Amino acid sequence: MPRYMDVHKKVPGVTKKGVAEAHAKDLEVQDKYGVNYVKYWVDEKSQKIFCLVDAPNVEAAARVHKEAHGLVADETYEVSEGP
């Protein structure tokens, strides 16, 4: 299954706690779309969020975010892990 990194560029008022809550909502919805949100990172200073997700396609990953909390990524990249 493809792996993606999505980037939410400017999320005003972003906090680690808020992102943890949003991630929990993703986990509640993800099975419906065959998606697995693996991990996330938060940069409060630059107001950015990064999510690592296994999904059949970009659209499925975006649907989970949209349904779970409405915070859709600004950019999504297909990635692969190096050695």
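Data block above holds the structure.
Residues numbered from 1 in each chain as written. Predicted model: local features only at pLDDT ≥ 70, side-chain atom pairs only at ≥ 80, totals over all residues. Heavy atoms only, no water.

**Q** Tell me about the overall build of the protein chain, and name the residues and values.
**A** Within the protein chain one finds 2 helices and 4 strands. Overall, the protein chain shows an N-to-C arrangement of helices and strands of β-α-β-β-α-β. Projected onto the principal axes, the alpha-carbon positions of the protein chain cover approximately 35 × 30 × 20 Å. When each of the 83 residues of the protein chain is scored for burial, the buried share is 31%. Here the contacts in the protein chain between residues at least 6 apart in sequence split such that 69% fall between residues at least 24 apart. (Helix = DSSP H or I, 4+ residues; strand = E, 2+ residues; numbered from the N terminus. Buried < 20%, exposed > 50% of the residue type's maximum accessible area, 1.4 Å probe, protein only. Contact = heavy atoms within 4.5 Å.)

**Q** Residues and numbers for the pattern of salt bridges, please.
**A** Enumeration over the complete set of coordinates arrives at 3 salt bridges. A salt bridge links K9 to E75; its shortest N-O distance comes to 2.6 Å. Placement of the pair is K9 in the loop between β1 (3-8) and α1 (16-29) and E75 in strand β4 (residues 75-79), with a sequence separation of 66 residues. Residue K9 is classed as partly exposed on the basis of its relative accessible area, which comes to 36%. Taking relative accessible area as the criterion, E75 reaches 25% and is therefore assigned partly exposed. E67 serves as the salt-bridge partner of K32, at 2.9 Å between the closest nitrogen and oxygen. A residue pair is termed long-range when its members are at least 10 positions apart, and K32 in the loop between α1 and β2 (36-43) and E67 in helix α2 (residues 58-68) qualify at 35 residues. For K32, a relative accessible area of 58% translates into the label exposed. We classify E67 as partly exposed; its relative accessible area is 38%. (Salt bridge = Lys/Arg side-chain N within 4 Å of Asp/Glu carboxyl O.)

**Q** I'd like a description of α2, backed by residues and values.
**A** When we look at burial in α2, the residues that qualify are A60, A61, V64, H65 and A68. For α2, the angular spread of the buried residues around the axis is 140°, confining them to a single face. For α2, the elements touching its buried residues are β1, α1, β2 and β3 (48-54). Just past α2, the residue G70 takes up positive phi, approximately 85°. (Arc of directions from axis to C-beta.)

**Q** Lay out the packing of α1 against α2 with the relevant residues and their values.
**A** Two quantities define a packed helix pair, namely the angle between the helix axes and the distance between the axes. Two elements in contact, α1 and α2, have axes separated by 9 Å at closest approach and are oriented at 115°. Between α1 and α2 the crossing geometry is right-handed. Residues K25, D26 and V29 of α1 touch α2, and the partners they reach there are V64, H65, E67 and A68. Along the lines of polarity and charge, the residues of the contact of α1 with α2 split into 3 nonpolar, 1 polar and 3 charged. (Axes fitted to C-alpha atoms, helices over the stretch in contact; angles between N-to-C directions. Left-handed = near helix turned anticlockwise from the far one by under 90°. Nonpolar A, V, L, I, M, F, W, Y, C, P; charged D, E, K, R; others polar.)

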